[in-house]
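Coordinate inspection notes
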Amino acid sequence: MSEHFFFYAALAFILMHEMDAVRCREWRIFPGLSLLPDALGFKVFMAAHIPLFMWLFHALAQETGRAPLIFGLDVFFMVHFGLHVLFLWHPKNEFKDWVSWGIIVGAGLGGGVDLVMLSF
């Protein structure tokens with residue numbers, strides 16, 4: 001784990017963000033899910049995360065293919081931050097407090113630092 005300390009920190013932040021995303025009803029700003037009634041959007045959003053997390057944990061537990069996955073997720077963490085900046089002014093965006101933004105920024109920074117560390 002120490003080899004990718006910042007990746008795992010970013011992963012912890014992104015998992016916390018997904019918990020916060022339920023509180024902030026992220027499905028209401030997510031393209032596609034925003035078209036669904038609120039109760040159905042919540043259910044689809046929650047259900048989609050089960051196989052996503054199962055795949056993620058399984059893939060990270062494998063020796064082969066882990067390095068490209070970590071690289072890809074590092075990039076995703078930074079892109080994810082950019083998407084939240086892009087959607088900052090969306091009328092249904094509820095990620096407004098310092099806790100939400102600390103988590104989002106933490107994931108982006110962790111991914112960026114891990115990418116820099118991979119270069120050395």
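Everything here concerns the structure above.
Residues numbered from 1 in each chain as written. Predicted model: local features only at pLDDT ≥ 70, side-chain atom pairs only at ≥ 80, totals over all residues. Heavy atoms only, no water.

Looking at the overall build of the protein chain
Stated formally: Secondary structure is summarised from DSSP: a helix means a run of H or I of at least four residues, a strand means a run of E of at least two, and numbering begins at the N terminus for each. The globule rule used for comparison is 2.2 Å times the number of residues to the exponent 0.38, while the radius of gyration itself is calculated over C-alpha atoms. Type-normalised accessible area, obtained with a 1.4 Å probe on protein chains alone, sets the label of each residue: buried when under 20%, exposed when over 50%, and partly exposed for intermediate values. When checking whether two residues touch, look at their non-hydrogen atoms; a contact exists if any pair is within 4.5 Å. Where accessible areas are quoted, they stem from the Shrake-Rupley method and a 1.4 Å probe; at the residue level, only the protein chains shown are allowed to cover. Residues counted as positive are Lys and Arg, residues counted as negative are Asp and Glu, and His and the chain ends are not counted. Lysine's charge is taken at NZ, arginine's at CZ, aspartate's at CG and glutamate's at CD.
Of regular secondary structure, the protein chain possesses four helices and zero strands. Ordering the α and β elements of the protein chain from the N terminus gives α-α-α-α. The C-alpha atoms of the protein chain give 15 Å as radius of gyration, which agrees with the globular expectation for 120 residues (14 Å, within 12%). Principal-axis analysis of the C-alpha atoms gives the protein chain an extent of 45 × 30 × 20 Å. Per-residue burial over the protein chain gives 34% buried out of 120 residues. Nonlocal contacts in the protein chain, meaning residues at least 24 apart in sequence, comprise 70% of its contacts between residues at least 6 apart. As displayed, the protein chain offers around 7,400 Å² of accessible surface, 77% of which is attributable to carbon and sulfur atoms. Computing the positive centroid from 7 side-chain charges and the negative centroid from 10, the protein chain places the two 13 Å apart.

Notes on helix 2 (residues 38–61)
Note the cut-off: What a helix should span is 1.5 Å times the count of its residues minus one.
Between its first and last C-alpha atoms helix 2 spans 35 Å; for 24 residues at 1.5 Å apiece the expected length is 34 Å, and the two agree. What helix 2 keeps buried is the set Gly41, Phe45, His49, Leu56, Ala59 and Leu60. On its buried face, helix 2 is in contact with helix 1 (5–23) and helix 3 (66–86).

What to know about a nonpolar patch on the surface
So the rule is basically this: Patch criteria: residues need more than 30% relative accessible area and no salt bridge. Like-charged residues are merged within 9 Å; nonpolar side chains of Val, Leu, Ile, Met, Phe, Trp and Tyr are merged within 5 Å. The rule for a salt bridge is simple: a side-chain nitrogen of Lys or Arg has to be within 4 Å of a carboxyl oxygen of Asp or Glu.
Nonpolar side chains collect at one region of the surface, where Phe71, Val75, Val79, Leu83, Leu86 and Leu118 lie side by side and expose about 540 Å² of accessible area between them. Ranked by residues supplied to the nonpolar patch, first place goes to helix 3 with five residues. Mapping Leu83 onto the fold places it in helix 3. When its relative accessible area of 42% is taken as the criterion, Leu83 is described as partly exposed.

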